[in-house]
Amino acid sequence: MTHPHLRLSAFICGLFLCLFAQADVVLYTSVDQPIAKPIIDRFTKETGIAVKLVTDTEATKSVGLAERLRAEKDRPRCDVWWGNEPFHTVNLAEEGLFEPYESTSAKGVNELYLDKQHRWAGNGLRARVIAYRTMLVAAAYPNWKLTVLTDKNPKSKVVMSKPAIGTVGGHIAALYATLGNDKADAFFKSLHDNGVVLVGGNSIVVQQIVAGNFDIGLTDNDDVLARNDKLHMTLPDQGEGEIGTLAIPTTVALVKKPQISDESKKLIDYLLSEHTEKALIEAKFAGWSVRAKESDFRAMKIDYLEVAKKMPWAVRRAEAILEGRQPE
């Protein structure tokens, strides 16, 4: 007689495989589910192509899905990757997990947000911002730079997400690439000395500031816009000669597998279209277009490939400093 636990496990595995089999395309995305699902629903309605949407939690986001894709490399279940940031996408491309595909929808996209080997392309820009609770905070800082987070005025009232979560790791690596190791180390040391509190995600940063537990914090524009009646934000380092802030495109890629369907390519074309970018902006997820000839804000001048390669090391180093430990 089969053990009840074995029967249950077999049933769950069968159900899992059935759900995947019913889809024409399997999409792994770290774009927030309430943002991604309406876009995918419209795609299915317009094309008749069924999509299995696989998302992850706030705490793991791109990291968890990237590890899942790596684990499935020899037997990939995913057809299309839609990342909410570029850095994990770049690293996955460098590891050979994506198939080159030059989508017609990517024409007009700024070359900064296009892979030269056509393994991924960007659509819809977000940015790293400083969020604050009251205009009194703004009055205290007429010149917004990241260094306001190290100022003694908001001591023990500064919050940011843990380095390994979401877009934070890319921002940290970009700071190391832009400032150099010594200056970046000094910045994170100053954050630690100023009592910064690390929480489990960018949306939690916003929740904590809205609740009045903190005055100021570092997060993404979409998390602030979701609570725009309760919170203010500004783009740091926008002055002449300043480094700017990190620009974060969503990134779309075709997963390498033995058989690649036309339906997968059609989904990529749709996700990279101007129509989808408009939907991302209207949903207050993206704030800017990857097709703009000139940016509406001063973005950090970085090589996304260089930053992506630096990210694992930078995250470990910054995390140690922010937690008061000696980095390796």
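Rules of the game
- Residues numbered from 1 in each chain as written.
- Predicted model: local features only at pLDDT ≥ 70, side-chain atom pairs only at ≥ 80, totals over all residues.
- Heavy atoms only, no water.
- Helix = DSSP H or I, 4+ residues; strand = E, 2+ residues; numbered from the N terminus.
- Buried < 20%, exposed > 50% of the residue type's maximum accessible area, 1.4 Å probe, protein only.
- 1 Å grid on protein atoms, 1.4 Å probe; cavity = no way out; pocket = protein on both sides within 12 Å on 5 of 7 lines; lining within 4 Å.
- Points joined across faces, edges and corners; volume = space filled by probe spheres on them.
- Nonpolar A, V, L, I, M, F, W, Y, C, P; charged D, E, K, R; others polar.
- Pairing = 2+ DSSP bridges.
- Salt bridge = Lys/Arg side-chain N within 4 Å of Asp/Glu carboxyl O.
- Core = buried A, V, L, I, M, F, W, Y, C linked by side-chain atoms within 4.5 Å.
- Contact = heavy atoms within 4.5 Å.
- Polar contact = N/O pair within 3.5 Å; in protein donor to acceptor, adjacent residues only side chain to side chain.

Participant: Help me out: how do you make sense of unusual backbone geometry in this one?
Facilitator: Excluding glycine, residues mostly have negative phi values, and the peptide bonds linking residues are mostly trans. Look at His118: it is not a glycine, yet its phi comes out positive at around 60°. Along the chain, His118 falls in the loop between β4 (98-99) and β5 (121-132). In the Ramachandran plot, Lys284 falls in the positive-phi region, its phi being about 65° despite a non-glycine side chain. Since its relative accessible area comes to 40%, Lys284 is described here as partly exposed.

Participant: I keep staring at empty space enclosed by the protein and nothing clicks. Help me out?
Facilitator: Empty space left among the atoms is revealed by rolling a probe the size of a water molecule over them. With the rule as written, the count across this model stands at one cavity of 30 Å³ or more. Taken together, Arg128, Met160, Val168, His171, Ile172, Leu175, Phe187, Phe188, Leu191 and Leu218 make up the full set of residues lining the largest cavity. Taken together, the elements giving at least two residues each to the lining of the largest cavity come down to α6 (168-179) and α7 (181-193). The element contributing the most residues to the lining of the largest cavity is α6, with four residues. Considering only residue class, the lining of the largest cavity consists of eight nonpolar, one polar and one charged.

Participant: Whenever I open this one, the pairing of strand β6 (residues 158-161) confuses me. Can you help?
Facilitator: On a regular strand, each side chain points to the face opposite its neighbour's, so the side chains alternate between the two faces of the sheet. Neither face of β6 is exposed, since Val158 and Met160 on one face and Val159 and Ser161 on the opposite face are all buried. Where β6 and strand β8 (residues 216-220) come together, three bridges link them in parallel fashion. Paired with Val158 across the bridge in β8 is Ile216. Relative to strand β7 (residues 197-199), β6 runs parallel, the two being bridged by three bridges. Its bridge partner lying in β7, Val159 is registered against Val197.

Participant: Before we go on, may I ask you to explain helix α4 (residues 87-94) in this structure?
Facilitator: One turn of the α-helix equals 3.6 residues, which is why residues spaced by three or four share an orientation. Most of α4 sits out of view: seven of its eight residues are buried. Among all positions in α4, only Phe87, His88, Thr89, Val90, Asn91, Leu92 and Ala93 are buried. Gly96 lies just past α4 and shows a positive phi near 85°.

Participant: In this structure, what is going on with the pattern of salt bridges? I would like to understand it.
Facilitator: When the charged atoms of two side chains with opposite charge come close together, those side chains can pair. Under the criterion given, the structure shown has 19 salt bridges. Salt-bridge contacts for Arg68 lead to Glu72; the nearest nitrogen and oxygen are separated by 3.4 Å. When its relative accessible area of 10% is taken as the criterion, Glu72 is described as buried. We note a salt bridge from Arg128 to Asp220, for which the minimum N-O separation is 2.9 Å. Taken as a pair, Arg128 in strand β5 and Asp220 in strand β8 lie far apart in primary sequence, 92 residues in all.

Participant: Could you clarify how one ought to interpret the nonpolar core in this entry?
Facilitator: Across soluble globular proteins, nonpolar side chains show a tendency to be buried alongside one another. Core analysis: the largest hydrophobic core is formed by 95 residues, its most contacted members being Trp81 and Phe188. By residue number, the principal contributor to this core is helix α12 (residues 304-322), which donates nine residues. With residues near it in sequence (within four places) discarded, Phe188 still touches Ile172, Leu175, Tyr176, Ala318, Ile321 and Leu322.

Participant: Got a minute to help me understand the environment of Ile321 in this structure?
Facilitator: The residue Ile321 is located in helix α12 in this model. A sequence separation of 133 residues divides Ile321 from Phe188, and the C-alpha atoms of the two residues are 6.3 Å apart. In this structure, Ile321 is in contact with Tyr176, Asp185, Phe188, Lys189, His192 and Pro327, ignoring residues within four places of it in sequence.

Participant: Looking at this model, I keep getting lost on the environment of Asp79. Mind explaining?
Facilitator: Among the structural elements, Asp79 can be located in the loop between α3 (61-71) and β3 (80-83). Spatially, the C-alpha atoms of Asp79 and Gln259 are 9.6 Å apart, while their sequence positions differ by 180 residues. When near neighbours in sequence (up to four residues on either side) are disregarded, Asp79 contacts Asp24, Val25, Val26, Ala253, Leu254, Val255, Lys257 and Ser264. Polar side-chain contacts of Asp79 include one of 2.8 Å to the backbone nitrogen of Val26.

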